[in-house]
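Listed here are the chains, written in short residue letters.
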Amino acid sequence: MKKTKHRHSDVQSAARGSGNDVREGDKTPSWPETLLAWYGAHRRPLPWRTPGSAPLSEEADVYRTVVSEFLLMRTRVRAAEGYFRRFLERFPNWDELARAPEEEVLRFWQGIGFYRRATYLHSLARTVVERHGGKFPRDPRSWNELPGIGPYLSGLLAAKLLGLPEPAVDGNAQRVVARLFAWEGPKDDPGFVRRVRDLLRTYIPPELPGTFNEALMELGETVCTPRSPRCPECPLQDECAARRSGEPTRYPRPASPRPRPLEERDVYLCRTEAGILLVRRDTGLLARLWHFPHLSSASAEAGSCCADFAFIGTVEHAFTHRLWILRLRVPPASSATCGRAREDLVRLLAEDGWETRWFLPEELVRVPMPRVFRKVEERFAPFW
Ligand code: SF4
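The written sequence of each chain sets the order in which its residues are numbered from 1. Side-chain atom pairs in this predicted model are given and counted only at pLDDT of 80 or more, local residue features only at pLDDT of at least 70, and totals for whole chains, interfaces and linings cover all residues. Working from all heavy atoms in the structure, the side-chain values ignore hydrogens and water.

Q: I keep staring at the sheet that holds strand E1 (residues 262–268) and nothing clicks. Help me out?
A: Pairing between sheet strands relies on hydrogen bonds along the backbone, with the strands arranged either parallel or antiparallel. One open sheet holds the four strands; their spatial order is E4-E1-E6-E5, and the pairing between them is mixed. With one partner strand each, in any of the chains shown, strand E4 (294–296) and strand E5 (310–318) form the two edges of the open sheet. Averaged over neighbouring strand pairs, the angle between their axes works out to 30 degrees when direction is ignored. Paired strands are those between which DSSP finds at least two bridges. Numbered from the N terminus, helices here are DSSP runs of H or I no shorter than four residues, and strands are runs of E no shorter than two. Bridging between E5 and strand E6 (residues 323–330) involves eight bridges; their strand directions are antiparallel. Within E6, the residue paired with Ala318 across the bridge is Leu323. Only C-alpha atoms enter the line fits that serve as axes; for helices the fit covers just the stretch in contact. Angles between N-to-C directions range over 0 to 180 degrees.

The structure is reproduced here in structure tokens:
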């Protein structure tokens, strides 16, 4: 293999910027070749991977790559595989995905969370079909305008699709680089991510940029894992400063924990002959998905009759950035009280900007609904 040309001064200054010196890794910059050789022998046969290392040329491969990357943004490989297969069976190309109703796309995403990925992917498909004739554009300058294509995916596609020496810096790549050079981070800090990207640009082999990106992420996913790196099996162990330090997991320093505010909300079972009332909104948390109607405590107090719904227990749910305690409420026994309470609730929901729709109980299974409200559904089921 042709020797990769590295700009040592860039690497050294990038490393110095973190307050650490590159030691062996700096003197013997063969780690990209070692990594590629390891990847050749250990590459996992994942369903979205194409054979060989040539840039992607078939549109079907581009589509599969993009779908897999949207799935993998917040989901581990093992969990994503099944979703990927089912998604591809139903939406095998940009056209099919663009034509599908959003509700159906969201339904295929149920269970892995972060539904915004699904809405972005769906609108990306529509943009590709409507503005680019069903072919993902090959000019990277136009990617800024595409839904859901951020710096990571731009780097990955530039390398895989166009053969450009652009790094794709996800959490795995960040971790491997941070450990290789004993960079502290903190992880997820924009300056740190930029430094990792700049460093990788000096190392990425111009003849195999896509394969190099994949190899780095594969090492992070399978060997240099966050809590238990398997250093004795690692192809980069001889060059790794974190391993030499004896405390590889110190690198990179975790991002400072963000406070997770606690929110208490009242969730209502509202049932009539027309069915069960569900609500959704275009923006905000769990946008475009159907919820059981819920109101903040303050809004619920403003509608005096909402207090007539009977309390039956709570459901707790942790999101990455907030915690919910949901107080479950079912209709009052008296039909007169029930009618007033329902009217109050519907009025408050409208004031809160919710779209409302009635569903028959047997339709709920086909409705795109986030996991937290599936938990609520289980608790409400005995009451309808
Ligand atoms: S030697 Fe250990 S810490 Fe260093 S890159 Fe390999 S697995 Fe990670």
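Past the structure itself, the notes keep going.
Q: For this particular structure, what's the right way to read the site of the ligand?
A: Around the ligand, the surrounding shell consists of Arg179, Cys224, Pro229, Cys231, Cys234, Gln237, Cys240, Arg243 and Pro248. Put simply, the ligand lies in the largest cavity. Among the residues making up the shell around the ligand, the classes are represented as six nonpolar, one polar and two charged. Residues are counted as near a molecule or strand when any one of their heavy atoms sits within 4 Å of it. Space inside and on the surface of the protein is sampled on a 1 Å grid over the protein atoms alone, with a cavity defined as a set of points where a 1.4 Å probe fits but cannot get out and a pocket as an open set with protein on both sides within 12 Å along at least 5 of 7 lines; lining residues have an atom within 4 Å of a point. What decides whether a molecule sits in a cavity or pocket is whether more than half of its atoms lie within 2 Å of the grid points. Residues are grouped as follows: Ala, Val, Leu, Ile, Met, Phe, Trp, Tyr, Cys and Pro are nonpolar; Asp, Glu, Lys and Arg are charged; every other residue, Gly included, is polar.

Q: I tried to follow the packing of aromatic side chains on my own but got confused; where do I start?
A: Note on aromatic pairs: each is described by the distance of the centres and the angle between the planes. The rule is short: rings of Phe, Tyr and Trp, with Trp giving its six-membered ring, pair when the centres are within 6.5 Å, and they are stacked under 30 degrees, edge-to-face over 60, tilted in between. Scanning the model with the defined rule gives 20 aromatic pairs in all. Ring centres 4.8 Å apart and planes at 55 degrees place the aromatic pair Phe87 and Phe91 in the tilted group. Pair check on accessibility: Phe87 and Phe91 agree, each one buried. Ring centres of Tyr268 and Phe309 lie 4.9 Å apart, and the angle between their planes is 70 degrees; this geometry places the pair in the edge-to-face category. Note that Tyr268 is positioned in strand E1 and Phe309 in the loop between helix H14 (297–302) and E5, a separation of 41 residues in sequence. Per-residue accessibility, obtained with a 1.4 Å probe over protein chains only, is compared with the maximum for each type, and a residue is labelled buried under 20%, exposed over 50%, and partly exposed between these values. Overall, the relative accessible area of 0% leaves Tyr268 in the buried class. Residue classification places Phe309 among the buried positions, given a relative accessible area of 3%.

Q: Is there a simple way to explain helix H12 (residues 209–222) in this structure?
A: One full turn of an α-helix is made of 3.6 residues, so residues set three or four places apart face in the same direction. Under the convention used throughout, the expected extent of a helix is 1.5 Å for every residue step, that is, one less than its residue count. Compared with an ideal rise of 1.5 Å per residue, which puts 14 residues at 20 Å, H12 spans 20 Å between its outermost C-alpha atoms and is within 8% of the ideal. Counting buried residues along H12, 14 of its 14 residues qualify, which places the element largely inside the surrounding structure.

Q: Looking at this structure, I do not really get the environment of Thr272. What am I missing?
A: With respect to the helices and strands, the residue Thr272 is situated in strand E2 (residues 271–272). In the structure, Thr272 is positioned 86 residues away from Trp358 in sequence and 8.8 Å away in space, judged by C-alpha atoms. Any two residues whose heavy atoms approach within 4.5 Å are treated as being in contact. Here Thr272 is in contact with Arg342 and Trp358, once residues within four sequence places are set aside. At 3.0 Å, the side chain of Thr272 and the backbone nitrogen of Ala274 are in polar contact. In protein, a polar contact means a hydrogen-donor-capable atom and an acceptor-capable atom, both N or O and within 3.5 Å, with residues adjacent in sequence counting only if both atoms are side-chain atoms; elsewhere, any N or O pair within 3.5 Å suffices.

Q: I keep staring at the layout of surface pockets and nothing clicks. Help me out?
A: The method is simple in principle: a probe with the dimensions of a water molecule rolls over the atoms, and the space it marks as empty is what remains. Grid points are joined across faces, edges and corners, and a volume is the space filled by probe spheres set on the points. Here the second largest pocket defines a volume of roughly 290 Å³. The residue makeup of the lining of the second largest pocket, split by class, is nine nonpolar, seven polar and five charged.

Q: For this particular structure, what's the right way to read empty space enclosed by the protein?
A: One pass over the full model with this rule turns up one cavity of 30 Å³ or more. If you add up the space inside the largest cavity, you get close to 120 Å³. What lines the largest cavity is a set of 15 residues, among which Arg179, Cys224, Cys231, Cys234 and Cys240 lie closest to the centre. Broken down by element, the residue count for the lining of the largest cavity peaks at three residues, all from helix H10 (residues 171–180). Tallied by class, residues from the lining of the largest cavity come to eleven nonpolar, one polar and three charged.

Q: Which parts of the structure should I look at to understand the confidence of the model for the protein chain?
A: As a general rule, the predicted coordinates of low-pLDDT regions are not to be interpreted in detail. A residue-level look at the protein chain finds 90% of positions with pLDDT of 70 or above and a mean pLDDT of 87. Values of pLDDT, ranging from 0 to 100, describe the predictor's confidence in every residue of the model. Taken element by element, the protein chain is modelled with least confidence in helix H1 (residues 8–16), mean pLDDT 35, and with most confidence in helix H6 (residues 94–99), mean pLDDT 98. In the model, residues 1–25 has pLDDT below 50 throughout and makes 49 contacts with residues more than four positions away in sequence or in other chains.

Q: What is the right way to look at the pattern of salt bridges in this model?
A: Think of a salt bridge as a Lys or Arg side-chain nitrogen and an Asp or Glu carboxyl oxygen that are within 4 Å of each other. Under the counting rule described, the total for this entry stands at 29 salt bridges. Between Glu102 and Arg288 there is a salt bridge, with the nearest N and O atoms lying 2.8 Å from each other. Placement of Glu102 in helix H7 (residues 102–109) and of Arg288 in the loop between strand E3 (275–280) and E4 is noted, with a sequence separation of 186 residues between them. With a relative accessible area of 22%, Glu102 lands in the partly exposed category. Salt-bridge contacts for Glu103 lead to Arg280; the nearest nitrogen and oxygen are separated by 2.9 Å. With Glu103 in helix H7 and Arg280 in strand E3, this residue pair connects regions lying 177 residues apart in the sequence. The network of salt bridges with common partners includes Arg90, Glu96, Arg99 and Glu104.

Q: Please explain the pairing of E3 as it appears in this structure.
A: Strand residues, when the strand is regular, have side chains that alternate between the two faces of the sheet. Among the six residues that make up E3, six are buried, leaving the element largely enclosed by the rest of the structure. Sheet topology note: the E3/strand E7 (residues 355–359) ladder contains five bridges and is antiparallel. Its bridge partner being in E7, Leu278 is matched across the sheet by Arg357.

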